[in-house]
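One letter stands for each residue in the lines below.
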Protein chains: 2
Amino acid sequence: MARKLTGSAELLERAQRVVPGGIYGHMAPGFLVPGEYPSFIARGEGASIWDVDGNRYIDYMCSYGPIVLGHRHPVVEAAVESQRANAFCFSLPGPAYVDLAELLVEKTPFANWAMFAKNGSDATTWATAIARAHTGRKKILRANGAYHGVAFWCNPAQAGITDEDTANVVSFEYNDLESLTGAVSKHADELAGIIVTPYRHEAFHDQELPVPEFHSTIRNLCDDHGIVYILDDVRCGFRLDLAGSGHYYGTEPDLSCYCKALGNGYPISALMGREALRGAAQQVFMTGSYWMSSLELAAAVATVNELERIDGCRRMREYGIRLRTGLARQAAEHGLEVRLTGEPGLPFMTFADDSVFERAKLWCAECIRRGVFFHPSHNWFLTTAHGDAELEATLEATEAAFEAVAQKFRA
Amino acid sequence: MARKLTGSAELLERAQRVVPGGIYGHMAPGFLVPGEYPSFIARGEGASIWDVDGNRYIDYMCSYGPIVLGHRHPVVEAAVESQRANAFCFSLPGPAYVDLAELLVEKTPFANWAMFAKNGSDATTWATAIARAHTGRKKILRANGAYHGVAFWCNPAQAGITDEDTANVVSFEYNDLESLTGAVSKHADELAGIIVTPYRHEAFHDQELPVPEFHSTIRNLCDDHGIVYILDDVRCGFRLDLAGSGHYYGTEPDLSCYCKALGNGYPISALMGREALRGAAQQVFMTGSYWMSSLELAAAVATVNELERIDGCRRMREYGIRLRTGLARQAAEHGLEVRLTGEPGLPFMTFADDSVFERAKLWCAECIRRGVFFHPSHNWFLTTAHGDAELEATLEATEAAFEAVAQKFRA
């Protein structure tokens, strides 16, 4: 168990000289357990990653979502290879652009059209602009604390953001129908759109599935008041249901935003919408240097088709249930109270009485030492490459990790 | 010369069903010459592209900038191949992240650090946030008409954008020092940053090189008033000078934004800055699912090194001068008045008395029929793969195109 992390430490020291903070954004080392986690990953294959010192880990973060079929999936890589042989970044789109739009429209019951970008933020921001163009109104209603990206209107930090940037954003409490209907009553005539995630999955918080009437209430409020219902499916998309997480929960939105799992690591996001919003979508001007690039579009076609072929969402769900069952049993056996929350394909575990994530960090540190990469304060992600061998090795590591937490924290 | 475009037409018809407008953003067919240009490109190699009907064109748009070494450049593709063999999109960065940051910092005289994103808009928007965090002020000064991306603060269209989104953006006239100093005097204590392109290169306009005192005046105003000088080098970067277009024009900014040519088609953008702004850069929270992905970072390392090895900027400049000389001579021989503007590596030509680009569109249509892909109303781009054969074939096509314009428009 003598794990070397010197290669990571050296690279981090070099990074700290030439990058503010060394590693910025959601990957900043402070979000994990400094000293215990590697800082740089060199290689991936299936459900495993190797850090720059050669240590192997079973990957439960999956690049915070993008890897859904496993690293280096042969079907996706073959599609990319084939596109690369012809080049991919042109002054006009290629056939893969039409193929992907048709495929997504076919899979998505509510949607008549698709558009592509690069970041999840691009898609959520684009959606708000289309809602505004369509309604002629300004305000966007969102849940307090929900993460919709880093554009100025939704940036989770305050530095560099002005009051004007968020002047048209109002909020309510996720899963609180009174708060929701209250916010809509208060702002109804000004509301262009309501944007929500399929369930509550922001970091530093237990996940919460939507209460039964949550999405249908939003749907009804939007219909009653002419508001555009925007589903931010960036994180859950293609892990719950290929028809979209709105479909999964039984209520279809007007616009939905995809990213992450769509391209199995190749950078792409997508916005999908109803026929009624086609005109507004044409009026809003959004574009980027690489948004039509066939490489990522071809990767996405292959990813979605493969997820369908192997019934990927069901596979991840089943693995997630087995993982959750194992973790719950181990925790109980060690007399530890844990909360296992969210959909099984995006599992998360917190400890009771652990407001500053002390127990979670110790548990994660013990896991990473044993070759399992969890996150103490952000939901995890599965792939279809997680199988019996991964589950067994994982539960062996987590058994020891629970034991360590029990040793340190049990009364 | 019977060129078939039926494959493009069929794909466009399919696209129009499943994508608002068929093809959106800067690639929308209306910006070219409908009926004459293909709508879909299938393949690229060096300085050539082939549309989906198999027609070959010498590429003078280069994907609106990203392709700088030519399509499928072997050195870039080898770096990508090598990274792909190990996978590339992880929950932490890989070594290529440090390699690229070090390389860019080494090449860029003013900069001490680099950060990476996906879109040009990401970089310009991030820069304004850092300027605000650093100064504690709100306003951004920009040139009227300049294109800095599609974020709400700089989106060139109005649909979906609110007054509040642009409430902190003030403007001046590019190359007009009186307008510049006037704007700074008026807003000095509120100005967080001034953002400018190295020269004026917005679409539908002749390009204008900076007047000699332009950048140094901005530099002095920024120094005098504690304003952050942001250079939007998204379009010119790595085509004028590997040390940055600020360096090329003799005045260094505080922050600079790169995209396009940085990755030879692989999707990446970068923000670079001075030591004094490192703290503000750490405070601002910007991130994206794919921003640390090693594939694009490895492509960028290879692209920048190859551009240096072959003195790519000089090559593009020399080709551009030969192209410009040829076009000027041909126009004169046909009695046509043209303006050839901008830096030779990003050439552009307009006709006199052509406010609605009628002559330009006819000229471009005649060129595309003969296998040369120009743009009637947006600056063009060169690559280091453009050589003698391309120049000869191009000038043969443009000779015929000038003849056609002369036939139709000569008094």
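As the structure is a prediction and not an experimental result, all values here were calculated from the model. (Residues numbered from 1 in each chain as written. Chains lettered and ligands numbered in written order. Predicted model: local features only at pLDDT ≥ 70, side-chain atom pairs only at ≥ 80, totals over all residues. Heavy atoms only, no water.)

A.B. asks: Which parts of the structure should I look at to understand the interface of chain A and chain B?
C.D. replies: Many authors give the size of an interface as the accessible area that is lost as the parts come together. With 108 residues of chain A in contact, the opposing surface of chain B contributes 107 residues. For the pair chain A and chain B, the summed buried area comes to about 9,200 Å², and 62% of that belongs to carbon and sulfur atoms. A per-residue breakdown of the area chain A buries against chain B is headed by Tyr24, Phe285 and Tyr290 of chain A, which together make up 9% of the total. In this assembly, chain A and chain B are joined by 10 salt bridges. For arginine 84 of chain B, the salt bridge identified is with glutamate 81 of chain A, shortest N-O distance 2.4 Å. Between the two partners, chain A and chain B, sit 54 residue pairs in polar contact (both at pLDDT 80 or more). Grouping the constituent residues of the side of chain A that touches chain B by class yields 61 nonpolar, 27 polar and 20 charged. (Contact = heavy atoms within 4.5 Å. Buried area = accessible area lost by both parts, 1.4 Å probe. Salt bridge = Lys/Arg side-chain N within 4 Å of Asp/Glu carboxyl O. Polar contact = N/O pair within 3.5 Å; in protein donor to acceptor, adjacent residues only side chain to side chain. Nonpolar A, V, L, I, M, F, W, Y, C, P; charged D, E, K, R; others polar.)

A.B. asks: Just to check I follow, could you spell out the packing of helix α3 (residues 95–107) of chain A against helix α9 (residues 294–309) of chain A for this structure?
C.D. replies: For any two helices packed against each other, one specifies the crossing angle of their axes together with the interaxial distance. Residue and element names in this part refer to chain A. Between α3 and α9, the shortest axis-to-axis distance is 8 Å and the interhelical angle comes to 35°. By crossing handedness, the relation of α3 to α9 is classed as left-handed. Where α3 abuts α9, its residues Ala96, Tyr97, Asp99, Leu100, Leu103, Leu104 and Lys107 lie against Ser294, Leu297, Ala298, Ala300, Val301, Val304, Asn305 and Glu308. (Axes fitted to C-alpha atoms, helices over the stretch in contact; angles between N-to-C directions. Helix = DSSP H or I, 4+ residues; strand = E, 2+ residues; numbered from the N terminus. Left-handed = near helix turned anticlockwise from the far one by under 90°.)

A.B. asks: Would you mind showing me how to read helix α1 (residues 6–18) of chain A here?
C.D. replies: Because the α-helix completes a turn every 3.6 residues, residues three or four places apart line up on one side. Here α1 of chain A contains 13 residues, and its C-alpha end-to-end distance of 19 Å stays within 8% of the 18 Å for a straight helix at 1.5 Å per residue. Turning to α1 of chain A, its buried residues are Gly7, Ser8, Leu11, Leu12, Ala15 and Val18 of chain A. The arc that holds the buried residues of α1 of chain A, viewed along the axis, is 130°, so those residues lie on one side. Of the surrounding elements, those touching the buried residues of α1 of chain A are α3 (95–107), β4 (113–117) and α8 (278–283) of chain B. (Expected span 1.5 Å × (residues − 1). Buried < 20%, exposed > 50% of the residue type's maximum accessible area, 1.4 Å probe, protein only. Arc of directions from axis to C-beta.)

A.B. asks: Explain the sheet that holds strand β3 (residues 56–59) of chain A here, please?
C.D. replies: Sheet strands line up and pair through hydrogen bonds in the backbone, either parallel or antiparallel. One open sheet accounts for 4 strands, arranged β1-β2-β3-β13 (chain A); its pairing is mixed. Each end of this open sheet is capped by a strand with a single partner; those strands are β1 (41–45) and β13 (372–373) of chain A. (Pairing = 2+ DSSP bridges.)

A.B. asks: Explanation requested: the pairing of strand β10 (residues 269–273) of chain B in the structure shown.
C.D. replies: Working note: regular strand, side chains alternate between the two faces of the sheet. All names here are of chain B. Across the 5 residues that make up β10, a large majority, 5, are buried. Burial of the side chains of β10 extends over both faces: Ser269, Leu271 and Gly273 are buried on one face and Ala270 and Met272 on the other. Judged from the 5 bridges that link them, β4 and β10 form a sheet pairing that is antiparallel. Bridged to tryptophan 113 within β10 is glycine 273. Sheet analysis places strand β9 (residues 255–258) next to β10, joined by 4 bridges and oriented antiparallel. Along β10, the bridge assignment pairs cysteine 257 with leucine 271.

A.B. asks: What exactly am I supposed to notice about the side chain of threonine 108 of chain A here?
C.D. replies: Residue and element names in this part refer to chain A. Position of threonine 108 relative to the elements: it lies in the loop between α3 and β4 (113–117). In this structure the side chain of threonine 108 is engaged in a polar contact, spanning 2.6 Å, whose partner is the backbone oxygen of leucine 104. Not counting the four nearest positions on each side in its chain, threonine 108 is found in contact with Ala243, Tyr258 and Met272.

A.B. asks: Is there a simple way to think about the environment of tyrosine 64 of chain B in this case?
C.D. replies: Mapped onto the elements of the fold, tyrosine 64 of chain B is located in the loop between β3 (56–59) and α2 (74–84). C-alpha of tyrosine 64 of chain B to C-alpha of threonine 128 of chain B: the two residues are 64 residues apart in sequence and 24 Å apart in space. Setting aside anything within four residues of it in sequence, one finds tyrosine 64 of chain B in contact with Ser91 of chain A together with His26, Met27, Lys260, His375, His378 and Phe381 of chain B. Engagement of the side chain of tyrosine 64 of chain B in a polar contact is seen with the backbone oxygen of histidine 26 of chain B, the distance being 3.4 Å.

A.B. asks: It is not clear to me how the relation of the copies chain A and chain B should be interpreted in this structure. Could you clarify?
C.D. replies: Superposition of the two copies of the chain requires a rotation about an axis and a shift along the axis. Taken as rigid bodies, chain A and chain B are interconverted by a rotation of 180° and an axial shift of 0.0 Å, the fit giving an RMSD of 0.0 Å. The relationship between the two copies is best expressed as a two-fold rotation axis. Take the interface residues of chain A: 99% of them recur as interface residues in chain B, which is what a same-surface contact looks like. (Least-squares fit on C-alpha atoms with pLDDT ≥ 70 in both.)

A.B. asks: Where do I start with the confidence of the model for chain A in this structure?
C.D. replies: One rule of thumb: low pLDDT means the predicted coordinates there are not for detailed reading. Residues with a pLDDT of 70 or more make up 100% of chain A, whose mean pLDDT is 97. Among the scores for the predicted complex, ipTM is 0.97 and pTM is 0.98. (pLDDT = per-residue confidence, 0-100.)

A.B. asks: Just to check I follow, could you spell out the packing of aromatic side chains for this structure?
C.D. replies: A ring pair, where both rings are aromatic, is described by two values, the distance of the centres and the angle of the planes. Taken as a whole and judged by the stated rule, the model has 46 aromatic pairs over all chains. On the numbers, 6.3 Å between centres and 40° between planes, the contact of tyrosine 24 of chain A with tyrosine 97 of chain B is tilted. Of the two residues, tyrosine 24 of chain A is situated in the loop between α1 and β1 and tyrosine 97 of chain B in helix α3; the pairing between them involves two chains. Using a relative accessible area of 6% as the deciding quantity, one classes tyrosine 24 of chain A as buried. Take tyrosine 97 of chain B: its relative accessible area is 0%, and that puts it in the buried class. The structure contains a cluster of three or more aromatic residues connected by ring pairs, namely Tyr60, Tyr319, Phe348, Phe351, Trp363, Phe374, Trp380 and Phe402 of chain A. Above the face of the tryptophan 50 of chain A ring, arginine 43 of chain A is positioned so that its terminal group lies 3.9 Å from the ring centre. (Phe/Tyr/Trp six-rings, centres within 6.5 Å; stacked < 30°, edge-to-face > 60°. Lys NZ or Arg CZ within 6 Å of the ring centre and 35° of its normal.)

A.B. asks: What am I meant to see in the environment of proline 34 of chain B here?
C.D. replies: All names here are of chain B. Along the polypeptide, proline 34 turns up in the loop between α1 (6–18) and β1 (41–45). Owing to a relative accessible area of 59%, proline 34 belongs among the exposed residues under this scheme. It is 9.8 Å that separates the C-alpha atoms of proline 34 and lysine 361, two residues lying 327 residues apart in sequence.

A.B. asks: Looking at this structure, how should I read the sheet that holds β4 of chain A?
C.D. replies: Residue and element names in this part refer to chain A. Read across the sheet, 7 strands follow the order β4-β10-β9-β8-β7-β5-β6 without closing on themselves; strand pairing throughout is mixed. Edge positions in the open sheet fall to β4 and β6 (169–172), since each of these has one partner strand only. Between one strand and the next, the sheet's axes are offset by a mean angle of 20°, whatever the strand orientation.

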